[in-house]
Amino acid sequence: STGEMSGTQPTCEQKLCNDLALSEPYRSDACKGVKTDETCVVDCRSGWTLDVSAQMFTCKTSGKIEGALPTCVPRKCTNGVPFGNDLSVAAACSSLTTGQSCSVTCA
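> Hey, could you run me through the sheet that holds strand 1 (residues 26-27) in this one?
Strands pair in a sheet through their backbones, by hydrogen bonds, and they do so in one of two ways: parallel or antiparallel. One open sheet accounts for four strands, arranged 1-2-4-5; its pairing is antiparallel. With one partner strand each, in any of the chains shown, strand 1 and strand 5 (65-66) form the two edges of the open sheet. With two bridges connecting them, strand 4 (residues 55-59) and strand 5 associate as antiparallel partners. Residue pairing in the sheet places Thr-58 in a bridge with Glu-66 of strand 5.

Here it is, written out as structure tokens:
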């Protein structure tokens, strides 16, 4: 024996991570198709305001994407609030934020 190794060196490829499925209010579109050790940004969906900054997530060798979620604050609704003399609009309708609802009936 010569003390030398022989054979063909393997070719390693990055593993595709599972898609990050987050509910409202998070937006994780940038995390689709990321591979081992790649990073992506998670921020807030439309209707939400990002408090401080977006967060970086990393695709781990386990196939999972990990990171700390950002803080998303619901925005106050300013458009589309119903009004009119023929309507009875609950007082809560004037201070709604994303994801909330209120009652509007005929007067």
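> Whenever I open this one, the state of the cysteines confuses me. Can you help?
Each disulfide consists of one covalent bond between the sulfur atoms belonging to two cysteines. In the structure shown here, the tally under the stated rule is four disulfides. What links to what in the chain: the bonded cysteines, counted in sequence order, pair as 1-5, 2-3, 4-6, 7-8. With no disulfide partner, Cys-77 has as its closest neighbouring cysteine sulfur the one in Cys-102, 8.9 Å distant.

> Looking at this structure, I do not really get the pairing of strand 2 (residues 39-44). What am I missing?
For a regular strand, side-chain orientation follows a simple rule: the groups alternate between the two sheet faces. Note: strand 1 against strand 2, two bridges, orientation antiparallel. The residue bridging Tyr-26 from the neighbouring strand is Cys-44, located in strand 2. Examined bridge by bridge, strand 2 and strand 4 share four bridges and lie antiparallel to one another. Within strand 4, the residue paired with Val-41 across the bridge is Met-56.

> Sorry if this is basic, but what is going on with unusual backbone geometry here?
Glycine aside, the phi torsion of most residues is negative, and most peptide linkages are trans. In this structure, Pro-25 follows Glu-24 across a cis peptide bond, with omega equal to 5°. Along the polypeptide, Pro-25 turns up in the segment before strand 1. At Asp-37, a position not held by glycine, the phi torsion is positive, near 70°. Its identity as a non-glycine residue notwithstanding, Val-52 has a phi of 80°, on the positive side. Within the fold, Val-52 resides in the loop between strand 3 (48-51) and strand 4. Its relative accessible area of 78% is what places Val-52 among the exposed residues.

Scoring rules and cut-offs
Positions within a chain are numbered from 1, following the residues in the order the chain's sequence is written. Local features in a predicted model are, by the rule used here, given only for residues with pLDDT of at least 70; side-chain atom pairs are given and counted only at 80 or more, and totals for whole chains, interfaces and linings are based on all residues. Hydrogens and water molecules were not included; the side-chain quantities draw on all heavy atoms of the structure. In this description, strands pair whenever DSSP reports at least two bridges between them. Numbering of helices and strands starts at the N terminus; helices are DSSP runs of H or I of at least 4 residues and strands are runs of E of at least 2. Disulfide: a pair of cysteine sulfur atoms within 2.5 Å of each other. Three exposure classes are used, based on accessible area relative to the maximum for each residue type with a 1.4 Å probe and protein chains only: buried under 20%, partly exposed in between, and exposed over 50%.

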